[in-house]
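The chain contents come next:
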Protein chains: 2
Amino acid sequence: MQHIRVIYPGRTKEGFIKAGISKYLKLLKPYVRIEIVELKPGTGSRQQVIEQESKALLKAAGRPFYLLDREGREFSSEEFTDILRDITEMDFVIGGPFGVTEELKRAALLRISLSRLTFTHELSRLIFFEQLYRAMTIIKGRQYHY
Amino acid sequence: MQHIRVIYPGRTKEGFIKAGISKYLKLLKPYVRIEIVELKPGTGSRQQVIEQESKALLKAAGRPFYLLDREGREFSSEEFTDILRDITEMDFVIGGPFGVTEELKRAALLRISLSRLTFTHELSRLIFFEQLYRAMTIIKGRQYHY
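Caption draft 1: Here's a closer look at the overall build of chain A. Looking only at helices and strands, chain A features five helices and five strands. In sequence order, chain A lays out its α and β elements as β-α-β-α-β-α-β-α-β-α. In terms of principal-axis extent, the alpha carbons of chain A reach across some 45 × 30 × 30 Å. Relative to its 146 residues, chain A shows a buried fraction of 36%.

Caption draft 2: Region of the structure containing the confidence of the model for chain A. Averaged over all residues, the pLDDT of chain A equals 97, while 100% of them reach at least 70. Interface confidence for the predicted complex, given as ipTM, is 0.96, next to a pTM of 0.97.

Caption draft 3: Spotlight on the relation of the copies chain A and chain B. When chain A is fitted to chain B, the residual RMSD is 0.0 Å, and the transformation amounts to a turn of 180° plus an axial shift of 0.0 Å. Between the two chains, the operation in question is that of a two-fold axis. The overlap is high: 95% of the interface residues of chain A also sit at the interface in chain B, so the same surface is used on both sides.

Caption draft 4: Seen up close, the packing of helix 3 (residues 77-85) of chain B against helix 5 (residues 121-140) of chain B. Residues and elements named next belong to chain B. Where helix 3 meets helix 5, the axes come as close as 9 Å, and the angle between the chain directions of the two elements is 75°. Our classification of the angle between helix 3 and helix 5 gives roughly perpendicular. For the pair helix 3 and helix 5, contact is made by Ser77, Phe80, Thr81, Leu84 and Arg85 and by Gln131, Arg134, Ala135, Ile138 and Ile139, respectively. Each residue belonging to the contact of helix 3 with helix 5 can be placed in one class, and the counts come to five nonpolar, three polar and two charged.

Caption draft 5: Geometry of the pairing of strand 3 (residues 65-74) of chain A. All names here are of chain A. Where strand 3 and strand 4 (residues 89-94) come together, four bridges link them in parallel fashion. Paired with Leu68 across the strands is Ile94, a residue of strand 4. As judged from the five bridges shared by strand 3 and strand 5 (residues 110-113), these two strands associate in the parallel manner. Among the inter-strand pairings, Glu74 is bridged to a residue of strand 5, identified as Ser113.

Caption draft 6: Region of interest: the interface of chain A and chain B. Contact residues are listed per partner, giving 21 residues for chain A and 20 residues for chain B. Counting only elements with at least two residues in the side of chain A that touches chain B, the list comes to helix 1 (15-28), helix 3 (77-85) and helix 5 (121-140) of chain A. With five residues, helix 1 of chain A is the single largest residue contributor to the side of chain A that touches chain B. A per-class count over the side of chain A that touches chain B returns eight nonpolar, eight polar and five charged.

Caption draft 7: Broad picture of the environment of Thr137 of chain A. Residues and elements named next belong to chain A. Residue position: Thr137 is located in helix 5. What makes Thr137 partly exposed here is the crowd of 16 C-beta atoms within 10 Å. Separated by 106 residues in sequence, Thr137 and Tyr31 have C-alpha atoms that sit 8.4 Å apart.

Caption draft 8: Representation of the nonpolar core within the structure. Judged by nonpolar contacts, the single largest core of 70 residues is most densely connected at Phe92, Val93 and Phe128 of chain A together with Phe92, Val93 and Phe128 of chain B. Discounting residues that sit within four places of it in the chain, Phe128 of chain A has contacts with Leu68, Phe92, Ile94 and Leu114 of chain A.

Caption draft 9: Focus on the sheet that holds strand 4 of chain A. Residues and elements named next belong to chain A. A sheet is described by the order of its strands in space; here five strands give the open sequence 2-1-4-3-5, paired in parallel fashion. Only two strands of the sheet have a single partner each, and these edge strands are strand 2 (32-39) and strand 5. Between one strand axis and the next, the sheet turns by 35° as a mean value, whatever way the strands run. Sheet topology places strand 1 (residues 2-9) next to strand 2; eight bridges connect them, and they run parallel. Bridge pairing links Gln2 to Val32 in strand 2. On the sheet, helix 2 (residues 46-60) packs against strand 1, strand 2 and strand 4 and is oriented at approximately 165° with respect to strand 1.

Caption draft 10: Broad picture of the environment of Pro64 of chain A. With respect to the helices and strands, the residue Pro64 of chain A is situated in the loop between helix 2 and strand 3. Here the alpha-carbon distance between Pro64 of chain A and Tyr8 of chain A, two residues 56 residues apart in the chain, equals 16 Å.

Caption draft 11: Spatial organisation of the environment of Ile34 of chain A. All names here are of chain A. For Ile34, the location among the structural elements is in strand 2. Separated by 31 residues in the primary sequence, Ile34 and His3 have C-alpha atoms spaced 6.0 Å apart. If we skip the residues at most four places from it in the chain, Ile34 touches Ile4, Val6, Leu25 and Leu28.

Caption draft 12: Quick look at the sheet that holds strand 1 (residues 3-9) of chain B. Residues and elements named next belong to chain B. Ordered by their spatial adjacency, five strands build an open sheet running 2-1-4-3-5, and the pairing between neighbours is parallel. At either margin of the open sheet sits one strand with a lone partner, and together these are strand 2 (33-39) and strand 5 (110-113). Going across the sheet, the axis of each strand differs from the next one's by a mean of 35°, ignoring polarity. Looking at chain direction, strand 1 and strand 4 (residues 89-94) are connected through five bridges and run parallel. Its bridge partner lying in strand 4, Ile7 is registered against Val93.

Reading guide: rules and limits
- Residues numbered from 1 in each chain as written.
- Chains lettered and ligands numbered in written order.
- Predicted model: local features only at pLDDT ≥ 70, side-chain atom pairs only at ≥ 80, totals over all residues.
- Helix = DSSP H or I, 4+ residues; strand = E, 2+ residues; numbered from the N terminus.
- Buried ≥ 20, exposed ≤ 12 C-beta atoms within 10 Å, placed from the backbone.
- pLDDT = per-residue confidence, 0-100.
- Least-squares fit on C-alpha atoms with pLDDT ≥ 70 in both.
- Contact = placed C-beta atoms within 7 Å.
- Axes fitted to C-alpha atoms, helices over the stretch in contact; angles between N-to-C directions.
- Parallel < 35°, antiparallel > 145°, perpendicular 65-115°, else oblique.
- Nonpolar A, V, L, I, M, F, W, Y, C, P; charged D, E, K, R; others polar.
- Pairing = 2+ DSSP bridges.
- Core = buried A, V, L, I, M, F, W, Y, C linked by C-beta atoms within 7 Å.

In C-alpha coordinates, the structure reads:
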(Lines give C-alpha, C1' and ligand atoms only; values in the text may rest on other atoms or scores of the structure.)
Protein backbone atom coordinates (compact mmCIF):
# COMPACT_ATOMS: atom_id res chain seq x y z
CA MET A 1 0.00 0.00 0.00
CA GLN A 2 1.21 3.49 -0.84
CA HIS A 3 2.36 5.62 2.07
CA ILE A 4 1.80 9.36 1.99
CA ARG A 5 2.92 11.73 4.72
CA VAL A 6 1.29 15.15 4.91
CA ILE A 7 3.35 17.58 6.96
CA TYR A 8 2.21 20.97 8.22
CA PRO A 9 2.68 23.31 11.17
CA GLY A 10 -0.09 23.50 13.76
CA ARG A 11 -3.25 21.52 14.34
CA THR A 12 -6.32 22.22 12.25
CA LYS A 13 -8.51 24.49 14.41
CA GLU A 14 -11.57 25.33 12.31
CA GLY A 15 -14.39 22.89 13.07
CA PHE A 16 -15.84 22.46 9.59
CA ILE A 17 -12.36 21.93 8.10
CA LYS A 18 -11.57 19.27 10.71
CA ALA A 19 -14.86 17.54 9.89
CA GLY A 20 -14.15 17.63 6.16
CA ILE A 21 -10.60 16.28 6.57
CA SER A 22 -11.91 13.46 8.79
CA LYS A 23 -14.38 12.53 6.11
CA TYR A 24 -11.75 12.29 3.39
CA LEU A 25 -9.29 10.43 5.64
CA LYS A 26 -11.94 7.82 6.32
CA LEU A 27 -12.69 7.50 2.59
CA LEU A 28 -8.96 7.24 1.82
CA LYS A 29 -8.33 4.48 4.35
CA PRO A 30 -8.89 1.50 1.99
CA TYR A 31 -6.59 2.95 -0.69
CA VAL A 32 -3.51 4.53 0.86
CA ARG A 33 -1.75 4.85 4.19
CA ILE A 34 -1.90 8.52 5.18
CA GLU A 35 0.25 9.82 8.00
CA ILE A 36 -0.34 13.38 9.15
CA VAL A 37 2.61 15.09 10.81
CA GLU A 38 1.57 18.22 12.70
CA LEU A 39 4.60 20.27 13.67
CA LYS A 40 4.83 22.87 16.42
CA PRO A 41 3.64 26.22 15.01
CA GLY A 42 6.17 29.05 14.93
CA THR A 43 6.10 31.99 17.37
CA GLY A 44 7.14 35.64 17.29
CA SER A 45 6.95 38.01 14.35
CA ARG A 46 5.55 36.99 10.98
CA GLN A 47 9.09 36.57 9.62
CA GLN A 48 10.18 34.50 12.62
CA VAL A 49 7.16 32.23 12.22
CA ILE A 50 7.92 31.70 8.53
CA GLU A 51 11.56 30.87 9.26
CA GLN A 52 10.92 28.56 12.20
CA GLU A 53 8.16 26.68 10.43
CA SER A 54 10.08 26.34 7.17
CA LYS A 55 13.13 24.98 8.99
CA ALA A 56 10.98 22.46 10.88
CA LEU A 57 9.13 21.42 7.71
CA LEU A 58 12.41 20.89 5.86
CA LYS A 59 13.76 18.79 8.73
CA ALA A 60 10.60 16.69 8.98
CA ALA A 61 10.24 16.07 5.23
CA GLY A 62 12.07 13.20 3.62
CA ARG A 63 13.46 13.93 0.20
CA PRO A 64 12.02 14.17 -2.39
CA PHE A 65 9.00 16.10 -1.15
CA TYR A 66 6.22 18.01 -2.85
CA LEU A 67 5.26 21.46 -1.60
CA LEU A 68 1.84 23.06 -1.92
CA ASP A 69 2.53 26.58 -3.16
CA ARG A 70 0.05 28.98 -4.73
CA GLU A 71 2.80 30.10 -7.11
CA GLY A 72 3.71 26.54 -8.09
CA ARG A 73 2.52 24.61 -11.10
CA GLU A 74 -1.20 24.10 -11.59
CA PHE A 75 -2.59 20.67 -12.36
CA SER A 76 -5.88 19.25 -13.47
CA SER A 77 -7.22 16.48 -11.23
CA GLU A 78 -6.14 13.95 -13.88
CA GLU A 79 -2.58 15.34 -13.96
CA PHE A 80 -2.49 15.38 -10.15
CA THR A 81 -3.56 11.74 -10.24
CA ASP A 82 -0.66 10.90 -12.57
CA ILE A 83 1.79 12.29 -10.01
CA LEU A 84 0.45 9.83 -7.44
CA ARG A 85 0.12 6.81 -9.68
CA ASP A 86 3.60 5.35 -9.44
CA ILE A 87 4.98 6.51 -6.11
CA THR A 88 5.29 4.15 -3.16
CA GLU A 89 5.96 6.83 -0.60
CA MET A 90 5.83 10.58 -0.81
CA ASP A 91 5.83 13.57 1.53
CA PHE A 92 3.55 16.52 0.89
CA VAL A 93 4.37 19.73 2.75
CA ILE A 94 1.77 22.45 3.36
CA GLY A 95 3.00 25.78 4.76
CA GLY A 96 1.51 27.70 7.67
CA PRO A 97 -0.63 30.88 7.72
CA PHE A 98 2.24 33.15 6.62
CA GLY A 99 3.81 30.84 4.04
CA VAL A 100 7.32 29.45 3.75
CA THR A 101 10.87 30.55 2.91
CA GLU A 102 12.45 30.56 -0.54
CA GLU A 103 14.88 27.96 0.81
CA LEU A 104 12.05 25.49 1.43
CA LYS A 105 10.59 26.24 -2.00
CA ARG A 106 13.93 25.52 -3.65
CA ALA A 107 14.31 22.25 -1.76
CA ALA A 108 10.98 20.88 -3.01
CA LEU A 109 11.02 18.41 -5.88
CA LEU A 110 7.81 19.92 -7.19
CA ARG A 111 5.66 22.89 -6.18
CA ILE A 112 1.97 22.19 -6.66
CA SER A 113 -0.56 25.01 -6.88
CA LEU A 114 -4.17 24.21 -6.00
CA SER A 115 -5.39 27.43 -7.60
CA ARG A 116 -4.40 30.94 -8.55
CA LEU A 117 -6.73 32.02 -5.73
CA THR A 118 -5.33 32.51 -2.24
CA PHE A 119 -6.81 30.11 0.30
CA THR A 120 -6.24 29.97 4.04
CA HIS A 121 -3.70 27.28 4.91
CA GLU A 122 -6.46 25.29 6.60
CA LEU A 123 -8.73 25.41 3.55
CA SER A 124 -5.74 24.27 1.46
CA ARG A 125 -5.47 21.20 3.67
CA LEU A 126 -9.12 20.33 3.09
CA ILE A 127 -8.87 20.81 -0.69
CA PHE A 128 -5.67 18.76 -0.78
CA PHE A 129 -7.26 15.79 1.00
CA GLU A 130 -10.30 15.97 -1.26
CA GLN A 131 -8.03 15.86 -4.33
CA LEU A 132 -6.08 12.98 -2.84
CA TYR A 133 -9.33 11.07 -2.41
CA ARG A 134 -10.44 11.96 -5.95
CA ALA A 135 -7.05 10.79 -7.31
CA MET A 136 -7.30 7.48 -5.46
CA THR A 137 -10.78 6.77 -6.84
CA ILE A 138 -9.38 7.35 -10.34
CA ILE A 139 -6.30 5.16 -9.74
CA LYS A 140 -8.32 2.34 -8.18
CA GLY A 141 -11.22 2.71 -10.64
CA ARG A 142 -13.72 3.19 -7.81
CA GLN A 143 -16.75 5.39 -7.53
CA TYR A 144 -16.33 8.78 -5.88
CA HIS A 145 -18.50 8.85 -2.75
CA TYR A 146 -20.07 12.23 -2.08
CA MET B 1 -25.19 47.85 0.19
CA GLN B 2 -24.23 45.53 -2.66
CA HIS B 3 -26.62 42.72 -3.43
CA ILE B 4 -25.30 39.39 -4.63
CA ARG B 5 -27.48 36.44 -5.58
CA VAL B 6 -25.93 33.01 -5.67
CA ILE B 7 -28.02 30.55 -7.65
CA TYR B 8 -27.59 26.79 -7.73
CA PRO B 9 -29.62 23.60 -8.03
CA GLY B 10 -30.28 21.60 -4.89
CA ARG B 11 -29.66 22.22 -1.22
CA THR B 12 -26.21 21.73 0.22
CA LYS B 13 -26.26 18.28 1.82
CA GLU B 14 -22.77 17.66 3.17
CA GLY B 15 -22.59 18.69 6.83
CA PHE B 16 -19.11 20.21 6.92
CA ILE B 17 -19.80 22.22 3.74
CA LYS B 18 -23.03 23.58 5.23
CA ALA B 19 -21.13 24.56 8.38
CA GLY B 20 -18.42 26.31 6.35
CA ILE B 21 -20.91 28.20 4.19
CA SER B 22 -22.81 29.33 7.32
CA LYS B 23 -19.58 30.66 8.78
CA TYR B 24 -18.77 32.75 5.70
CA LEU B 25 -22.35 33.99 5.33
CA LYS B 26 -22.22 35.25 8.91
CA LEU B 27 -18.88 36.97 8.27
CA LEU B 28 -20.22 38.50 5.03
CA LYS B 29 -23.34 39.93 6.66
CA PRO B 30 -21.92 43.37 7.54
CA TYR B 31 -20.51 43.89 4.04
CA VAL B 32 -22.93 42.65 1.40
CA ARG B 33 -26.46 41.37 1.06
CA ILE B 34 -26.27 37.76 -0.06
CA GLU B 35 -29.32 35.97 -1.33
CA ILE B 36 -29.04 32.25 -1.98
CA VAL B 37 -31.45 30.83 -4.54
CA GLU B 38 -31.66 27.04 -4.33
CA LEU B 39 -33.46 25.63 -7.35
CA LYS B 40 -35.14 22.26 -7.65
CA PRO B 41 -32.52 19.68 -8.66
CA GLY B 42 -33.00 17.92 -12.01
CA THR B 43 -34.17 14.33 -12.33
CA GLY B 44 -33.69 11.50 -14.81
CA SER B 45 -30.57 10.69 -16.77
CA ARG B 46 -27.36 12.67 -16.45
CA GLN B 47 -28.15 14.56 -19.65
CA GLN B 48 -31.71 15.30 -18.53
CA VAL B 49 -30.43 16.65 -15.21
CA ILE B 50 -27.94 18.91 -16.97
CA GLU B 51 -30.60 20.25 -19.32
CA GLN B 52 -33.31 20.78 -16.71
CA GLU B 53 -30.94 22.46 -14.28
CA SER B 54 -29.33 24.68 -16.92
CA LYS B 55 -32.73 25.85 -18.13
CA ALA B 56 -33.85 26.62 -14.58
CA LEU B 57 -30.58 28.43 -13.79
CA LEU B 58 -30.88 30.56 -16.92
CA LYS B 59 -34.45 31.46 -16.05
CA ALA B 60 -33.58 32.31 -12.45
CA ALA B 61 -30.52 34.40 -13.28
CA GLY B 62 -30.87 38.04 -14.12
CA ARG B 63 -28.59 39.26 -16.88
CA PRO B 64 -25.70 39.83 -16.74
CA PHE B 65 -24.64 36.85 -14.63
CA TYR B 66 -21.34 35.23 -13.83
CA LEU B 67 -20.98 31.46 -14.09
CA LEU B 68 -18.55 29.33 -12.11
CA ASP B 69 -16.96 27.02 -14.66
CA ARG B 70 -13.78 25.00 -14.28
CA GLU B 71 -12.93 25.81 -17.88
CA GLY B 72 -13.53 29.52 -17.44
CA ARG B 73 -10.95 32.19 -16.74
CA GLU B 74 -8.80 31.86 -13.65
CA PHE B 75 -8.36 34.78 -11.31
CA SER B 76 -6.13 35.63 -8.40
CA SER B 77 -8.02 36.69 -5.27
CA GLU B 78 -7.06 40.31 -6.03
CA GLU B 79 -8.44 40.08 -9.58
CA PHE B 80 -11.60 38.41 -8.28
CA THR B 81 -11.94 41.30 -5.82
CA ASP B 82 -11.72 43.79 -8.69
CA ILE B 83 -14.69 42.13 -10.36
CA LEU B 84 -16.77 42.76 -7.25
CA ARG B 85 -15.57 46.24 -6.48
CA ASP B 86 -17.92 48.33 -8.60
CA ILE B 87 -21.03 46.22 -9.01
CA THR B 88 -24.22 47.03 -7.15
CA GLU B 89 -25.97 43.79 -7.93
CA MET B 90 -24.76 40.61 -9.52
CA ASP B 91 -25.88 37.02 -9.95
CA PHE B 92 -23.43 34.17 -9.61
CA VAL B 93 -24.52 30.81 -10.98
CA ILE B 94 -22.99 27.52 -9.81
CA GLY B 95 -23.88 24.36 -11.75
CA GLY B 96 -25.01 21.06 -10.27
CA PRO B 97 -23.14 17.74 -9.90
CA PHE B 98 -23.10 17.05 -13.66
CA GLY B 99 -22.40 20.55 -14.90
CA VAL B 100 -24.32 22.79 -17.28
CA THR B 101 -25.14 23.12 -20.97
CA GLU B 102 -23.12 25.04 -23.55
CA GLU B 103 -26.15 27.33 -23.91
CA LEU B 104 -25.86 28.44 -20.28
CA LYS B 105 -22.10 28.92 -20.68
CA ARG B 106 -22.65 31.13 -23.73
CA ALA B 107 -25.25 33.22 -21.90
CA ALA B 108 -22.89 34.06 -19.04
CA LEU B 109 -21.22 37.47 -19.06
CA LEU B 110 -18.10 35.91 -17.57
CA ARG B 111 -17.06 32.33 -16.73
CA ILE B 112 -14.96 32.18 -13.59
CA SER B 113 -12.75 29.19 -12.83
CA LEU B 114 -11.82 28.55 -9.20
CA SER B 115 -9.06 26.15 -10.18
CA ARG B 116 -7.89 23.80 -12.89
CA LEU B 117 -8.71 21.04 -10.41
CA THR B 118 -12.15 19.46 -10.47
CA PHE B 119 -14.10 20.02 -7.27
CA THR B 120 -17.50 18.67 -6.30
CA HIS B 121 -20.21 21.28 -6.89
CA GLU B 122 -20.71 21.53 -3.12
CA LEU B 123 -17.01 22.16 -2.44
CA SER B 124 -17.13 24.84 -5.17
CA ARG B 125 -19.88 26.58 -3.22
CA LEU B 126 -17.76 26.63 -0.09
CA ILE B 127 -14.68 27.93 -1.89
CA PHE B 128 -16.78 30.57 -3.66
CA PHE B 129 -18.19 31.94 -0.39
CA GLU B 130 -14.73 31.98 1.17
CA GLN B 131 -13.41 34.00 -1.77
CA LEU B 132 -16.39 36.33 -1.56
CA TYR B 133 -15.56 36.96 2.10
CA ARG B 134 -11.88 37.44 1.29
CA ALA B 135 -12.79 39.92 -1.46
CA MET B 136 -15.04 41.90 0.88
CA THR B 137 -12.33 42.20 3.53
CA ILE B 138 -10.03 43.61 0.82
CA ILE B 139 -12.67 46.04 -0.53
CA LYS B 140 -13.65 47.27 2.94
CA GLY B 141 -10.06 47.26 4.25
CA ARG B 142 -10.97 44.95 7.15
CA GLN B 143 -9.08 42.14 8.76
CA TYR B 144 -9.75 38.61 7.55
CA HIS B 145 -11.19 36.62 10.47
CA TYR B 146 -10.08 33.00 10.49
